[in-house]
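# Summary of structural features
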Amino acid sequence: MGKNKNFANKQQRETNVSTKVKADKTKTKVNGGVFIYTGAISVGELSKSLNVPVGEIIKFLFLQGKMITINSILDDELIGLVCLEFGYDFEKKNIVAAENFEDLEINDDPSKLKPRPAVVTIMGHVDHGKTTLIDAIRNSNLVEGEVGGISQEIGAYQKECKGQKITFIDTPGHEAFTQMRARGAGVTDIVVLVVAADDGVMPQTIEAIDHAKAANVPVIVAINKIDKAGADPERVKTELMQHNIIAEEYGGDCITVEISAKKKQNIDGLLEAILLVAEMKELKANPDRYALGTVLEAKLDKNEGPKATLLVQNGTLKEGDYLVVGTSYGKARRMTNEFRKVLNEATPSTPVSVIGLSEVPLAGDRFMAFSEESEARSIATKRKLIKESQDRNATSAASLEDLFNLAKEGEVKNLNIIIKADSTGSAEAVKSSLEKLSNEEVKINIVRATSGAITESDVLLATASHAIIYGFNVRPDARTRAKAAEEKVEIRLHRIIYALIEEIEAAMKGMLKPTFVEEVRGQAEVRRLFKVSKLGTIAGCMVVDGYIKSTGGVRVIREGIVVYEGKLASLQREKDSVKEVKNGYECGMLVENFNDIKEGDIIECFEVVEQGK
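Along each chain, residues carry numbers from 1 onward, in the same order as the chain's sequence is written. Thresholds applied to this predicted model are a pLDDT of at least 70 for local features of residues and 80 or more for the giving and counting of side-chain atom pairs; totals over whole chains, interfaces and linings are not thresholded and use all residues. Side-chain metrics rest on all non-hydrogen atoms present in the structure, leaving aside hydrogens and water.

## With respect to the overall build of the protein
In terms of regular secondary structure, the protein is built from 15 helices and 34 strands. Only protein chains enter the accessibility calculation, which uses a 1.4 Å probe. A residue is then buried if its area is under 20% of the maximum for its type, exposed if over 50%, and partly exposed in between. Across the 613 residues of the protein, 50% fall into the buried class. The criterion used for residue contact is that any of the two residues' heavy atoms lie within 4.5 Å. Long-range pairs, those at least 24 residues apart, make up 72% of the contacts in the protein between residues at least 6 apart in sequence. Every accessible area reported is derived by Shrake-Rupley at a probe size of 1.4 Å, with residue values counting cover from the shown protein chains alone. In the structure as shown, the protein presents an accessible area of about 29,400 Å², 47% of it carried by carbon and sulfur atoms. Numbering goes from the N terminus for both helices and strands, where a helix is a DSSP run of H or I of at least four residues and a strand is a run of E of at least two.

Next comes the structure, spelled out in structure tokens:
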């Protein structure tokens, strides 16, 4: 890794020469007779650099039909004209600063390139069997861990087939996660498009095809659920032809494989097809260089702190390397694969979970390894300042109810929104979906979209930017709710992304008038746990806000994230069943069908009530 810094500096010195014109060297006044610049500059700056009076430059350009002043910015063409007139060579250099390492052009020595595993993205319409296919490939059981059987985060896994590894990225299939799938296609080599044989081509199927085409990535079609009644693989192939995905048997170049992920039929055939396409692409990378790649997912782990799933796309990431990840930095203190096995290094195309970063990066951020901690910290600081500067564009907005009223009156309005979600991938998905709702009447401006619980800091930001806070699978604590009420900040909470989008769409169309709203009755903190045979886990709690009722709904909140939502099986106070326990009193609670309670969890009691009647 000691060569990293030298390589980075070398990259910065490399230039792309856009224009170079010879002139009479006797007339030149700048170094070496060549004026070197990196981008558009003003007339005043050019005057100083060339040691030519401003008036002379303005006069010359006026005669060329250009009306400019001392502060006018000149493009490449005008800079060239001025240099030629006053006897200078000129050369434009594209110098990439260290903090913009995403823009570095990597040109490895061909002799150092070695074969690497293919990175395969699983795409397709919601409920067409993408995660079930991953299960079949890995012999795992991921589906049971998903809300409603729908993926809402990116996962990355490796599988060995015939002595060769394949890296799989499982992307969510619902339309709301367009941006996540776009990122998946951006880092992938091959797309496996899953289409249900009994359902055919659907809207997200078409979207996945568009992403693959935009990324110029080959597509393998996995026609799934061939075991189901009504399965018609030929109809699927015919429908795909309308989108320029033509199967080999119809004279095209797209491999189609008929499978049943649920019954694990022909999974080997699909893996062999992937290896065949990978072999044709001759995928290679240089493992003997600093690592760089992309963040697939990131979160704040209760025990391990900031944790990010990184896909190494070039180079080798080693334990102890210093990293810049988005605007954060740190040291790769520990790296694990999807089975939590500790790794000493991660070679190209390897997904790896890393701890040791200063803060949680964003899904889709680029990362790069550096040789010195001071260098990584300095670059991360610069990147953060640049991002903060770019983010200072929030404009004023009103509440969702105000937006509804204005939409009915046909007035144009901005709607500022702060998004807090259970993961950065979910936050990005919500952000992407909401931004697409902007129209001529209402412009949606996302002030912040991050993972984690809704905090007082979010409320303060909402106050300053007049924004609405939307929580997706997260909850505010009692203090945050009180602060929001004090500042009159609106917090709207959802667990299903479709409902969130539909709510804002209705407000934008002037059709919103919520009939039913959720009201939080109280919160209790879990202090002790009691295991009771035949009953389950009883949570010994202290009511810390409001009151807890035996009826209505409850949700279990861990570190601000909703881990379960249901109802109470029983509520007890000093061994007696009760209907209600107030703030400041202890109680015992048994949550129906949920025993994974932990000390420190918050159990929130809520009711859905009719409004305005």
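There is more to say after this.
## Some words on the pairing of strand 25 (residues 491–494)
Walk down a regular strand and you will see the side chains alternate between the two sheet faces. Side chains of strand 25 alternate between two faces, with Arg492 and His494 buried and Ile491 and Leu493 left unburied. Paired strands are those between which DSSP finds at least two bridges. Examined bridge by bridge, strand 24 (residues 468–472) and strand 25 share 4 bridges and lie parallel to one another. For Ile469, the partnering residue across the bridge sits in strand 25 and is Ile491.

## With respect to the environment of Gln523
On the secondary structure map, Gln523 appears in strand 26 (residues 516–532). We classify Gln523 as buried; its relative accessible area is 3%. Along the primary structure Gln523 and Asp545 are separated by 22 residues, whereas in three dimensions their C-alpha atoms are 5.1 Å apart. There is a polar contact of 3.4 Å between the side chain of Gln523 and the backbone nitrogen of Ala478. The definition of a polar contact used here is a pair of N or O atoms within 3.5 Å, where within protein one atom must be able to donate a hydrogen and the other to accept one, and adjacent residues in sequence count solely through side-chain atom pairs. Within the structure, Gln523 has its side chain in polar contact with the side chain of Glu604 (distance 2.8 Å).

## With respect to the packing of helix 2 (residues 43–50) against helix 3 (residues 54–63)
As a packed pair, helix 2 and helix 3 sit with axes 9 Å apart at the nearest point and diverge in direction by 120°. With respect to helix 3, the axis of helix 2 lies oblique. Read as a crossing pair, helix 2 and helix 3 show a hand that is right-handed. In contact with Val43, Gly44, Leu46 and Ser47 of helix 2, helix 3 contributes Val54, Ile57 and Ile58. A breakdown of the residues in the contact of helix 2 with helix 3 according to their chemical character gives 5 nonpolar, 2 polar and no charged. Geometry is summarised by axes, namely lines fitted to C-alpha atoms with helices restricted to the contacting stretch, and by angles between N-to-C directions that run from 0 to 180 degrees. These descriptions rest on fixed angle ranges, namely under 35 degrees for roughly parallel, over 145 for roughly antiparallel, 65 to 115 for roughly perpendicular, and the rest for oblique. By the definition used in this description, the sense in which the near helix is turned from the far one sets the handedness, with an anticlockwise turn below a right angle giving left-handed and a clockwise turn giving right-handed. When residues are sorted by character, Ala, Val, Leu, Ile, Met, Phe, Trp, Tyr, Cys and Pro go into the nonpolar class, Asp, Glu, Lys and Arg into the charged class, and all the rest, Gly among them, into the polar class.

## Focus on a nonpolar patch on the surface
Here, patches come from residues exposed beyond 30% relative accessible area and free of salt bridges, joined within 9 Å for like charges and within 5 Å for nonpolar side chains (Val, Leu, Ile, Met, Phe, Trp, Tyr). Only one rule defines a salt bridge in this text: a Lys or Arg side-chain nitrogen within 4 Å of an Asp or Glu carboxyl oxygen. A contiguous nonpolar surface patch, about 400 Å² in accessible area, is contributed by Phe62, Leu63 and Met67. Examined against the element boundaries, Leu63 turns out to sit in helix 3.

## Brief notes about helix 15 (residues 497–508)
Any helix carries an expected span of 1.5 Å times its number of residues minus one. With 12 residues, helix 15 extends 17 Å from end C-alpha to end C-alpha; this agrees with the ideal 16 Å at 1.5 Å per step. Of the residues making up helix 15, those classed as buried are Ile497, Leu500, Ile501, Glu503, Ile504, Ala506, Ala507 and Met508.

## Digging into the pattern of salt bridges
Applying the stated criterion across every chain yields a total of 31 salt bridges. Here Arg492 and Glu490 are joined by a salt bridge, their closest N and O atoms 2.3 Å apart. What makes Arg492 buried here is its relative accessible area of 16%. Of the charged contacts, one joins Lys549 and Glu607 as a salt bridge, the two residues approaching to 3.6 Å between their closest N and O atoms. Taken together, the residues span a long stretch of sequence, with Lys549 in strand 27 (residues 536–549) and Glu607 in strand 34 (residues 602–610) at a distance of 58 residues. Residue class for Glu607 comes out buried when judged on its relative accessible area of 18%. Connected through shared salt-bridge partners, Arg475, Arg481, Asp545, Arg555, Glu565 and Glu604 make up one network.

## Focus: the nonpolar core
The nonpolar side chains of soluble globular proteins are, as a tendency, buried together. As used in this record, nonpolar core signifies buried Ala, Val, Leu, Ile, Met, Phe, Trp, Tyr and Cys residues forming a set joined through side-chain atoms within 4.5 Å. In terms of nonpolar packing, the biggest core is built from 29 residues, with Val120, Leu133, Phe168, Val192, Ile220, Leu270 and Ile274 touching the most fellow members. Taken together, the elements giving at least two residues each to this core come down to strand 6 (118–124), helix 5 (130–138), strand 7 (155–161), strand 8 (164–170), strand 9 (190–196), strand 10 (219–224), strand 11 (255–258) and helix 9 (267–281). Counting residues per element, this core draws most heavily on helix 9, at 8 residues. In this structure Val120 touches Ile166, Thr167, Phe168, Ile169, Thr188, Ile190, Val192 and Ile274, once residues within four positions along its chain are discounted.

## As for the confidence of the model for the protein
On average, residues of the protein score 81 in pLDDT, and 82% of them are at 70 or above. Confidence drops under pLDDT 50 across residues 1–28; counting only partners more than four residues distant or on other chains, this segment forms 56 contacts. pLDDT expresses, on a scale from 0 to 100, how confident the predictor is about each individual residue. Overall, residues 173–183 carries pLDDT values under 50, and its contacts beyond four positions in sequence, including any with other chains, amount to 50 contacts.

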